[in-house]
Amino acid sequence: MAQTFPCFVWFYILNLLGLFALSYCLVVGSDDEFSILGFDIDVYHGDYTPPAPPPPSPPPHPPSPSCQEGLEGVGSLNTVCKLNSSLVFDDNVYIEGNGSLYVLPGVTLSCQLLGCSILINISGEFTLSKNSKIIAGLVSVNAWNASFSEGSLINVTGLAGEAPAHSSGTPSGIQGAGGGHGGRGASCVSDNKKLPDDVWGGDAYSWSSLDEPASYGSKGGTTSKEVKYGGEGGGIIWLEINSMIDASGLLLADGGDDGLKGGGGSGGSIYIKAHRMTGNGWISAAGGNGFAGGGGGRVSINVFSRHDDTQVFIHGGRSLGCPENSGAAGTYYDAVPRSLTVSNHNMSTQTDTLLLEFPKQPLWTNVYIQDHAKALVPLFWSRVQVQGQIRLSCGAILSFGLAHYASSEFELMAEELLMSDSVIKIFGALRMTVKMLLMWNSKMLIDGGSDAIVATSLLEASNIVVLKEASVIQSNANLGVHGQGYLNLSGPGDLIEAQRLILSLFYSINVGPGSSLRGPLESDDSNYITPRLHCDLSNCPIELLHPPEDCNVNSTLAFTIQICRVEDVVIEGLITGSVIHFHWIRTVAVQSSGVISASGLGCTGGVGRGTFIENGLGGGGGHGGKGGDGYYNGNFIDGGVAYGDAGLPCELGSGSGNASLAGATAGGGIIVMGSLEYSLSSLSLDGSLKADGESFGEDFAKQNHPSISNIGPGGGSGGTILLFVNTLALGESSTISAVGGHGSPTGGGGGGGGRVHFHWSEIPVEDAYLPIANVKGTILTEGGFGRGQGLPGQNGTITGKPCPRGLYGIFCEECPVGTFKNVTGSDRILCHDCPSNELPHRALYTNVRGGVTETPCPYKCISDRYHMPKCYTALEELVDTFGGPWLFGLILLGILVLLAGVLSVARMKYISADEMPSLVPARHGSRIDNSFPFLESLNEVLETNRNEESQSHVHRMYFMGPNTFSEPWYLPHSPPLQVTKIVYEDAFNRFVDEINGQAAYQWWEGSIYSILSVLSYPLAWSWLERCRKKKLQQLREYVRSEYDHSCLRSCRSRALYEGLKVAATSDLMLAYVDFFLGGDEKSDDLPPRLHQRLPLSLVFGGDGSYMSPFSLQSDNILTSLMSQSIPPTIWYRLVAGLNAQLRLIRRGQLKITFGHVISWLETHADPTLRTYGVHVDLAWFQPTASGYCQFGLVVWATEYENVPSSLENQDDPLLSEQESCIPRFNKDDPLNYLRVNEHLMTRRMFFGRVLNTKSLRTFKEKKSIYYPFSFIVHNTKPVGHQDLVGMLISSLLLGDLCLVLLNFLQLYSTSLLHLILVLLILPLGLLFPFPAGISALFSQGPRRSAGFARVYALWNITSLINVVVAFICGLVHYTTHSSKRHSDFPSWNFSMEESEWWMLPCGLALCKIIQAQLIDRHVANQEIQDHSLYSNDPDVFWQT
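Each chain has its residues counted from 1, following the order in which its sequence is written. Reporting of local features is limited, given that this is a predicted model, to residues whose pLDDT is at least 70; pairs of side-chain atoms are given and counted only at 80 or more, and all residues count toward the totals for whole chains, interfaces and linings. Processing note: side-chain calculations cover all non-hydrogen atoms of the structure and skip hydrogens and water entirely.

Trainee: Summarise the overall build of the protein chain; cite the residues concerned and give the values.
Mentor: A run of H or I in DSSP counts as a helix once it spans at least four residues, and a run of E counts as a strand once it spans at least two, with each numbered from the N terminus. Counting its regular elements, the protein chain contains 22 helices and 65 strands. Partly exposed residues are those whose accessible area sits between 20% and 50% of the maximum for their type, while under 20% is buried and over 50% is exposed, using a 1.4 Å probe and protein chains only. In the protein chain, which comprises 1440 residues, the share counted as buried stands at 56%. A contact between two residues is defined here by any heavy atoms of the two lying within 4.5 Å. A sequence separation of at least 24 residues applies to 66% of the contacts in the protein chain between residues at least 6 apart.

Here it is, written out as structure tokens:
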């Protein structure tokens, strides 16, 4: 049986292939919805191919053994067969049945002969249980379902039959190389005549059938001629399952191992086909280990629904003789996604896995080369095309072509090319077309060789190209990188370089920090592919100014780097080249770390090369400026000449001229951005643009010349930087440099400076002008230094396109303010000064968009408060409109006088005739003489106007306190002595508590008053008056209707609520409670007579202020009471005269003004009153804790013999209920004085003190913050001439309004803030005096007119605060702006900027002060119409 083994092997192989072809046709033609082969749309995309002839019929297979006899199992193969014992076969076995086959745990089926096959073909299920094994050279399973349990094994390792014919998988010779199959076998023998890539063991084969691999692996080579050492190749595992397969076991088709005497065998083939696959087993077709490792095999899985977690191994075998060179990886093909994987399991190798022709229909989807796999596309011309991605990772290498024959052309087409820690090598030219190229720490190295025909490689990535982590794309020939998306060199080490590099058609290019674009290469071999520079041309290459629009790589053009048709370019790294061109670019941004450099990459010779002598000493190269002369032995060596066009430069810089000597210097290269047809939209530069000439010694380290001591060439000249731009922004750290290089220390001359030119594409003019350049950086074209005694090179040129009218300079800036330019050019001298006589006062020349192109030059006022065209303030415009200040003043004065006259006439006709007391006859028989209208107002007191009440009046008790929010009215506790007989003391104290509670104010009322006091005192005063009236009404209502009068003893008083009355003076500052008898009292001494009440306290109302002057309020009760001793007419006249004197008392000057009152009492009142048995003294009463006290009169009885007969029977006078000083009576009569004093000591003394001339000396008064205003606003004596006073007030009122409006105009012209401050501190204080004054002038009745006049005076004096604020604002403004004044301003200017700024506020203050004085006279005229009240002659006073 062993002799027939090879025939049977081929028989069964052909049989299996026939069955597979039949099964494939059935599957394609079947309607199975789960089959992915039933419809393949890709077949319609290929060329038509005639159908192939049908395959030959498969050879017949041997009969199948039975379950029980041949296989020693239980059951039947047509139902269920269970194998429970191990079997060893010595020949091929074919097992067939319609049932299921179960290989029970621990059972082994083996045929360990090379190429021996075990074929299983059943219709049901096949199960290889745990720890079960099948060992053979070929294992094939055809079943409906198959299960390879965990721990199970199918092993065909090292049991391969014969490799396919005409394959070279088994190496020849005795080098001990590894066998080849999916990958080449390794070879540990080195050959100095060959490259490492050209040395390998067994070759790869069966590429065309890698999707259905069915080839045996190859045997490894031997190291002995006598003995055939070497591991055998791996066998074949063929699993074709109709439904589901569980691959949890091991499927091994590895190459056989050998020691140091033979190479490892190559891996075999594994093919799995099913509809569904599960499990987590191992699938391995790895190469065997040996002296040189065998190549990996081939694995293909064709499963529609994969749910497995299997591990597939196809790596090469380990090389014991050269561990760094394992066998090449095999192939793993996943048929459903059509992906190919080449993985060497992180085993290093120098041996290739061959990738031959890729299928065209259908295309593979993905190709993965990973884990140190090394793949090779060896064909002369090849297309590598997949539908998805090509991914190289983890040390993978993919090579195109052969290193020793770099003339091939290759195409690589895919959706994505992903590289991570990998390398792609191209020997020849590459045409790559992908959508996405991503490189991570990877390299793409293109060796174009010396064939100019294939010297250009094109890389096209339509979406994105990203290089990261020091990734490199390098070509030693021409390279074009095209795309439609994004090119990003991310960071340090990322590099794209070529001899000629073209980047085009991208939307955006980013050269990140530390990354580089370079062309030509640094290690230039100077072969004929290197770009040739036009060093000997004195004119400009036309392609620099008019480049072609196609952006193709063209070796005939001068560019070494061109970036073409890109939207945005961002440079943070380095771009280096001899001729760098940016064509059809929208924006270029060079960040602070970015550099575009052509320094030292120009010509060594050139048109402006320096002259040199035999020992190498020479002058510097010339370009924009002449090169510096060299110096040797007392003679100068000429430097190079200047050349080129400064208006449109595009020449290379020249060098020292001695290119054959070490240390020779080269000129700068060319940097061109844009072209005449397509300029850059914007260039933003924070980094550097450099085209500097080379200095001596810069390149010496690179050349490594042993001796340069006698070499002294000059420096190279600067190159050219030509910028066709629309707008330019140079940051503070930016540099544009085309400086010359430095000469040698032995006397070399410095290189001349280069040329920098800005060619603006479009310079907007007039209203469309925008600055085209924002320059904060540095632009350098200086010549290089000459060392030793060599001379420096001359400076180069910096030029710009000629500017249109109104603009000047390199960057076409607007001519300076105050100049104009009406011609084309860029020189500063073309901007002429504007005529000074056309500039108005307070005007400055202003900048005009696009510059000034003609006269007159535009100007503007120095401040917004001035108005064109004469630059006047609003006030000055008003004055100028009416012909100047004097005419304006006269017109204003005339208008004021006219309006004042009209106002006075209107007032006289409006006010009623009863205001004129002289026209109304006096009624001499009445109690109140109408000839004194002011007295009437003082005698009218609420609730005390009935005569009958005076008959039952007992006592008047005054409230303490001024009735303010901080100190309201209140009554002291304990009833006065005068009312103890008519009240209950306890009930009285309760009444005091209750009424004191009623008299107190709410907290919010005082808060409003405090706020209004700060904002506007007149409003605060009005609020206080309103609250006082409301409080009086509240007290009256309480006593009249709410209180039950329970403190009174009289039943009638309690029943009728008539025993107590509350009243107050008209100024609402003094209130009192009157006690009356009810009529049912039994005491005969009630009510008391006048002499029983003496000494009697009469308290003044008011507080001595302007709004509330002191006054004695004499109501009917007091008049009736005093009439018991004094006739009413005498008493009325006394009250009128006293009130006239009290009006003149000023708060803050009480000591002085009270002295006049005391003198008046002594000269006018006492002599007359003594004839009636009484006299009066000025005194103060009822001081409070806060220091407030009330002032009034104390009425005393004189000596008894002088008392009239009508009063002789009256009782002794009663003292006031409060303690005070004891007054002195008739000190001239000691006996009578002692008698009266003894009488008074028996009574309670009143609380207070008599004020006389002596006591006033010790009188102390606190002055309030309003004290200074008392000098302006105070009550005065009447002056008469009321009509004249009214007319003057009318005139001043109108003048005040005019001055306020003029001040507002002036403040508005100065600052709106100042106007707001004056208006709001105090709020609208300047506006209220006018309506208040009109109300006062047109009010009817003296009393009403006087009241409104006082309010008017209050608003007027308060507005002085606003005037002070206006003055301060003017002073601050004048102080801060005094340095800006112009000497030629008009002298009559009222502006706050001139020295006359104070006139209006001071004039307004003076007007208000005069108004205050006139208002004082007007009030006095209204309140005092009888001038005899101020007569110094008592007789005249009493006679009137």
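Trainee: Quick one: what's the story with the packing of aromatic side chains, residue by residue and with numbers?
Mentor: For Phe, Tyr and Trp, where Trp contributes only its six-membered ring, two rings pair if their centres lie within 6.5 Å, and the inter-plane angle classes them as stacked under 30 degrees, edge-to-face over 60, or tilted in between. This model, assessed by the stated rule, comprises 31 aromatic pairs. Centre to centre, the rings of Phe-965 and Tyr-1009 are 5.2 Å apart; their planes meet at 45°, and the pair counts as tilted. With Phe-965 in the loop between β59 (953-958) and α8 (985-999) and Tyr-1009 in helix α9 (residues 1003-1015), this residue pair connects regions lying 44 residues apart in the sequence. Each member of the pair, Phe-965 as well as Tyr-1009, carries the same accessibility label: buried.

Trainee: Break down the pairing of strand β13 (residues 236-241) for me, with residues and values.
Mentor: By the criterion of burial, β13 is predominantly enclosed, with six of the six residues buried. Side chains Ile-236, Trp-238 and Glu-240 project from β13 onto one buried face, and the interleaved Ile-237, Leu-239 and Ile-241 project onto a second face that is buried too. Strands qualify as paired when DSSP identifies two bridges or more between them. As paired elements, strand β10 (residues 138-143) and β13 share six bridges and run parallel to each other. Across the sheet, the residue bridging to Val-141 is Leu-239, located in β13.

Trainee: Summarise the state of the cysteines; cite the residues concerned and give the values.
Mentor: By definition, disulfides here are pairs of cysteine sulfur atoms that lie within 2.5 Å. Tallying each qualifying case throughout the model produces nine disulfides. Between the sulfur atoms of Cys-67 and its disulfide mate Cys-81 the distance is 2.0 Å. Disulfide Cys-67 to Cys-81: torsion about the S-S bond roughly 90°, handedness right-handed. Of this pair, Cys-67 sits in the loop between α1 (5-29) and β1 (74-75) while Cys-81 sits in strand β2 (residues 80-83); the two residues are 14 residues apart in sequence, bridging distant segments of the chain.

Trainee: So what about the sheet that holds strand β15 (residues 250-252)? Which residues, and what values?
Mentor: Overall, parallel pairing links the seven strands, which are arranged β3-β6-β9-β12-β15-β17-β19 in an open sheet. At either margin of the open sheet sits one strand with a lone partner, and together these are β3 (87-88) and β19 (311-313). One ladder, built from three bridges, connects strand β12 (residues 153-155) with β15; its direction is parallel. Paired with Asn-155 across the strands is Leu-252, a residue of β15.

Trainee: Lay out the sheet that holds β59 with the relevant residues and their values.
Mentor: Spatial strand order, β59-β61-β60: three strands in an open sheet with antiparallel pairing. The open sheet is flanked by β59 and β60 (1060-1064), the only strands paired with a single partner. Along the sheet, successive strands turn relative to each other by an average axial angle of 25°, direction set aside. Inspection of the sheet shows β60 paired to strand β61 (residues 1071-1076) by five bridges, in the antiparallel sense. By the bridge assignment for β61, Leu-1060 is matched with Phe-1075. Under this scheme, a helix contributes an axis fitted over its contacting stretch, all axes are lines through C-alpha atoms, and angles between N-to-C directions fall in the 0 to 180 degree range.

Trainee: Explain α9 to me, and be specific about the residues and the numbers.
Mentor: To estimate the expected span of a helix, subtract one from its residue number and multiply by 1.5 Å. Over its 13 residues, α9 extends 19 Å from the first C-alpha to the last, a length consistent with the 18 Å expected when each residue adds 1.5 Å. All of the buried residues in α9 are Glu-1005, Gly-1006, Tyr-1009 and Leu-1012. One side of α9 holds all its buried residues, which, seen down the axis, span an arc of 125°. Every exposed residue of α9 that faces more than 90 degrees away from the buried side is listed here: Trp-1003, Ile-1011 and Val-1014. Buried positions along α9 lie against α10 (1017-1042). By construction, the arc corresponds to the directions joining the helix axis to the C-beta atoms.

Trainee: Can you tell me about the pattern of salt bridges, naming the residues and giving the values?
Mentor: Any Lys or Arg side-chain nitrogen found within 4 Å of a carboxyl oxygen on Asp or Glu counts as a salt bridge. The full count for this structure, using the stated rule, is 23 salt bridges. Measuring nitrogen to oxygen at the nearest pair gives 2.8 Å for the salt bridge that ties Arg-956 to Asp-1074. Highlighted residues: Arg-956 in strand β59 and Asp-1074 in strand β61, separated in sequence by 118 residues. You'll find Arg-956 and Asp-1074 in the same group, each marked buried. A network of salt bridges, in which partner residues are shared, links Arg-306, Asp-308 and Asp-334.

Trainee: So, the nonpolar core: which residues are in play, and what are the values?
Mentor: Judged by nonpolar contacts, the single largest core of 92 residues is most densely connected at Met-444 and Phe-582. Per-element accounting of this core gives the leading share, seven residues, to strand β30 (residues 423-440). Leaving out residues up to four positions away in the same chain, Met-444 has contacts with Leu-417, Met-419, Ile-424, Ile-426, Leu-430, Met-432, Leu-437, Met-439, Leu-459, Val-472, Ile-473 and Gln-474. The nonpolar core is taken to be a set of buried Ala, Val, Leu, Ile, Met, Phe, Trp, Tyr and Cys residues, with the residues joined through side-chain atoms within 4.5 Å.

Trainee: Lay out helix α18 (residues 1312-1320) in plain terms, naming residues and giving numbers.
Mentor: Buried within α18 are the following residues: His-1314, Leu-1315 and Val-1318. In a view along the axis of α18, the buried residues occupy a sector of 100°, so they form one face of it. Looking at the buried positions of α18, the neighbouring elements they touch are α17 (1282-1310) and α20 (1342-1377).

Trainee: So what about the environment of Val-553? Which residues, and what values?
Mentor: Looking at the secondary structure, you find Val-553 in the loop between α2 (542-545) and β38 (561-571). Sequence separation between Val-553 and Gly-480 is 73 residues, and the spatial gap between their C-alpha atoms is 6.1 Å. Among all residues touching Val-553, those that are not within four sequence positions of it are Thr-456, Leu-458, Asn-478, Leu-479, Gly-480 and Ile-502.

Trainee: Report on unusual backbone geometry, specifying residues and quantitative values.
Mentor: In this structure, Pro-520 follows Gly-519 across a cis peptide bond, with omega equal to 5°. Along the chain, the position of Pro-520 falls in the loop between β37 (516-519) and α2. Here Thr-855 and Pro-856 are connected by a cis peptide whose omega angle stands at 0°. Examined against the element boundaries, Pro-856 turns out to sit in the loop between β57 (843-845) and β58 (859-861). One non-glycine residue with positive phi stands out, namely Glu-72, at about 55°. Following the sequence through the fold, Glu-72 ends up in the loop between α1 and β1. Using a relative accessible area of 46% as the deciding quantity, one classes Glu-72 as partly exposed.

Trainee: Hey, could you go over a nonpolar patch on the surface for me, with residue numbers and the actual values?
Mentor: Patch membership is restricted to residues that have no salt bridge and whose relative accessible area is over 30%. Joining uses 9 Å for like charges and 5 Å for the nonpolar side chains Val, Leu, Ile, Met, Phe, Trp and Tyr. Computed by Shrake-Rupley with a 1.4 Å probe, the accessible areas treat only the displayed protein chains as cover when residues are assessed. A cluster of nonpolar side chains, contributed by Tyr-1308, Leu-1312, Leu-1313, Ile-1316, Leu-1317, Leu-1320, Ile-1321 and Ile-1361, occupies part of the molecular surface with about 710 Å² of accessible area. Broken down by element, the residue count for the nonpolar patch peaks at five residues, all from α18. Looking at the secondary structure, you find Leu-1317 in helix α18.

Trainee: Break down the packing of α8 against α10 for me, with residues and values.
Mentor: One can describe the packing of α8 onto α10 by two numbers: an axis separation of 9 Å at closest approach and a directional angle of 150°. Accordingly, the angle class assigned to the pair α8 and α10 is roughly antiparallel. Here the hand of the crossing between α8 and α10 comes out right-handed. Contact residues: Phe-991, Glu-994, Ile-995, Gln-998 and Ala-999 in α8; Lys-1031, Gln-1034, Leu-1035, Tyr-1038 and Val-1039 in α10. Note on residue classes: Ala, Val, Leu, Ile, Met, Phe, Trp, Tyr, Cys and Pro are nonpolar, Asp, Glu, Lys and Arg are charged, and everything else, Gly too, is polar. Taken together, the residues of the contact of α8 with α10 break down into six nonpolar, two polar and two charged. With respect to orientation, any angle under 35 degrees is reported as roughly parallel, any angle over 145 as roughly antiparallel, any angle of 65 to 115 as roughly perpendicular, and every other angle as oblique. By definition, turning the near helix anticlockwise from the far helix through less than a right angle yields a left-handed crossing, and turning it clockwise yields a right-handed one.

Trainee: Please provide a residue-by-residue account of the environment of Thr-587, values included.
Mentor: Along the polypeptide, Thr-587 turns up in strand β40 (residues 579-590). A C-alpha to C-alpha distance of 7.9 Å links Thr-587 and Ser-684, two positions 97 residues apart in sequence. Those residues within four positions of Thr-587 in sequence are excluded, and the remaining contacts are Glu-567, Asp-568, Val-569 and Ser-682. At 2.5 Å, the side chain of Thr-587 and the side chain of Asp-568 are in polar contact. The definition of a polar contact used here is a pair of N or O atoms within 3.5 Å, where within protein one atom must be able to donate a hydrogen and the other to accept one, and adjacent residues in sequence count solely through side-chain atom pairs.

Trainee: Tell me about the packing of α9 against α10, residues and numbers included.
Mentor: Contact geometry for α9 and α10: axes closest at 6 Å, N-to-C directions at 155°. The angle between α9 and α10 places the two elements in the roughly antiparallel class. Counting all contacts with α9, which are made through Trp-1004, Glu-1005, Ile-1008, Tyr-1009, Leu-1012, Ser-1013 and Leu-1015, the residues of α10 involved are Tyr-1017, Leu-1019, Ala-1020, Trp-1023, Leu-1024 and Cys-1027. Considering only residue class, the contact of α9 with α10 consists of eleven nonpolar, one polar and one charged.

Trainee: Talk me through the pairing of strand β39 (residues 574-577); I want residue IDs and the actual numbers.
Mentor: Sheet analysis places β37 next to β39, joined by four bridges and oriented parallel. Residue pairing for β39: Leu-517 is matched across the bridge by Ile-575. Here β39 runs beside strand β41 (residues 595-597); their pairing, made up of three bridges, is parallel. Paired with Ile-575 across the strands is Ile-596, a residue of β41.

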